[in-house]
Amino acid sequence: MGAAPSVAGMTSVRGGAGPKERAGKVFWAYGSFGWLVASFVWHVWMGVDYRAAMGAEDTVPVWVFLAYDGLIVAMSAAGAVVSLATVRPWGRRLPEWLVTVPLWCGAVLLAVRGVPGLVENVTTAAGLTPYGLLGLAERPADPASGEFWTEMAINTYFFVGAVVMLPLAVLHQRGARKGGQAPRREGRVRVRRRKAATATKPRGGKDGYVRGAAKRATASEPRGAADSYVRGAAKRSAPRRGSRVRGG
């Protein structure tokens, strides 16, 4: 039995890319897919058990919470599909903007959501910003409380999402640019080759045909036809002039 096909052999990266860049893109694509699948499952559970997810002290109307949660579920599903589209063969059939725009939107949203929150949690835990990064908190945070570490875990989760999606967006954008430039380069190379072939090609057409016909006619014509005719005429006229001299 033959060896099982590798993951790299089962993927088709959009745009031009080298082996290392292709392997990196596959890694970030499947990392993003895994993160988004986890987000999808998490928010589906939050929508199903919305009372426990909202908590007893939450004053937000239920329909607002469910609408927001449904939006996150839809975005997570779309992001998972788009992440796979960057490395799967069927993704090449999608318009380029339909892949690039959602990638960048998701990456930027996750970076805005996860990076500042995690930085604030880390600096608060270190005692540098007990009232938050902007110092707007009404009371200092308690790093020993479970609420603080729950918030830090959530911010870490979003930070990881930004970490896996930003490289994928960058690599996909770079590959799309290379893929768009490759046909133009190939077209210029073909034009140069045609010009070079035309410059080195022997002149043909009517000129070549005329020269060939002239050579054939020259080769088939008897040598010295005009000279032979002149010499024959001279010999025929010579005896008549001699007879006139003797008769006289």
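A few words now on the overall build of the protein. Of the regular secondary structure elements, the protein holds seven helices and zero strands. When the helices and strands of the protein are placed in sequence order, the string is α-α-α-α-α-α-α. The buried share of the protein, taken over its 248 residues, is 24%. Across the protein, every contact between residues at least 6 apart in sequence was considered, and the portion connecting residues at least 24 apart equals 69%. Surface exposure of the protein reaches about 17,100 Å², of which carbon and sulfur atoms provide 65%.

Relative to the 44 Å expected for 30 residues at 1.5 Å per residue, helix α4 (residues 96-125) spans 43 Å between its end C-alpha atoms, a close match to the ideal helical length. Backbone geometry just downstream of α4 places G127 in the positive-phi region, at approximately 85°.

We now examine the packing of helix α1 (residues 19-48) against helix α3 (residues 62-85). Where α1 meets α3, the closest approach of the two axes is 8 Å, and the angle between their N-to-C directions is 160°. The angle between the axes of α1 and α3 places the two elements in the roughly antiparallel class. For the element pair α1 and α3, the recorded crossing hand is left-handed. Contact residues: A29, Y30, S32, F33, L36, V37, S39, F40, H43, V44, M46 and G47 in α1; F65, L66, D69, I72, V73, S76, A77, G79, A80, S83 and L84 in α3. Grouping the amino acids of the contact of α1 with α3 by side-chain chemistry returns 15 nonpolar, seven polar and one charged.

This part covers a nonpolar patch on the surface. Residues V37, F40, V41, V44 and V48 make up a contiguous nonpolar surface patch of roughly 400 Å² in combined accessible area. Along the chain, the position of V37 falls in helix α1.

Between α3 and α4, the shortest axis-to-axis distance is 9 Å and the interhelical angle comes to 125°. Between α3 and α4, the interaxial angle falls into the category oblique. Once α3 is placed against α4, the crossing between them reads as left-handed. Where α3 abuts α4, its residues M75, V82, S83 and A85 lie against L98, V99, P102, L103 and L109.

The geometry of an aromatic ring pair comes down to the distance between the two centres and the angle between the two planes. Under the defined criterion, the tally for this structure stands at six aromatic pairs. Ring geometry for W35 versus Y157: centroids 4.7 Å apart, planes at 20°, classification stacked. With W35 in helix α1 and Y157 in helix α5 (residues 146-200), this residue pair connects regions lying 122 residues apart in the sequence. Seen in terms of ring centroids, Y157 and F158 are 5.5 Å apart; in terms of plane orientation they differ by 70°. Their pairing is edge-to-face. The same class applies to Y157 as to F158, namely buried. Following the ring pairs from residue to residue traces out a cluster consisting of W35, W42, Y157 and F158.

Here we come to the side chain of T129. Relative to the helices and strands, T129 is located in the loop between α4 and α5. Classification of T129 by relative accessible area gives buried; the value is 14%. Aside from chain neighbours lying at most four places away, what touches T129 is E120, T123 and T124.

The rules behind these values
- Residues numbered from 1 in each chain as written.
- Predicted model: local features only at pLDDT ≥ 70, side-chain atom pairs only at ≥ 80, totals over all residues.
- Heavy atoms only, no water.
- Helix = DSSP H or I, 4+ residues; strand = E, 2+ residues; numbered from the N terminus.
- Buried < 20%, exposed > 50% of the residue type's maximum accessible area, 1.4 Å probe, protein only.
- Contact = heavy atoms within 4.5 Å.
- Areas by Shrake-Rupley, 256 points an atom, 1.4 Å probe, with all protein chains shown as cover.
- Expected span 1.5 Å × (residues − 1).
- Axes fitted to C-alpha atoms, helices over the stretch in contact; angles between N-to-C directions.
- Parallel < 35°, antiparallel > 145°, perpendicular 65-115°, else oblique.
- Left-handed = near helix turned anticlockwise from the far one by under 90°.
- Nonpolar A, V, L, I, M, F, W, Y, C, P; charged D, E, K, R; others polar.
- Patch = residues over 30% accessible without salt bridge, like charges linked within 9 Å, V, L, I, M, F, W, Y side chains within 5 Å.
- Salt bridge = Lys/Arg side-chain N within 4 Å of Asp/Glu carboxyl O.
- Phe/Tyr/Trp six-rings, centres within 6.5 Å; stacked < 30°, edge-to-face > 60°.

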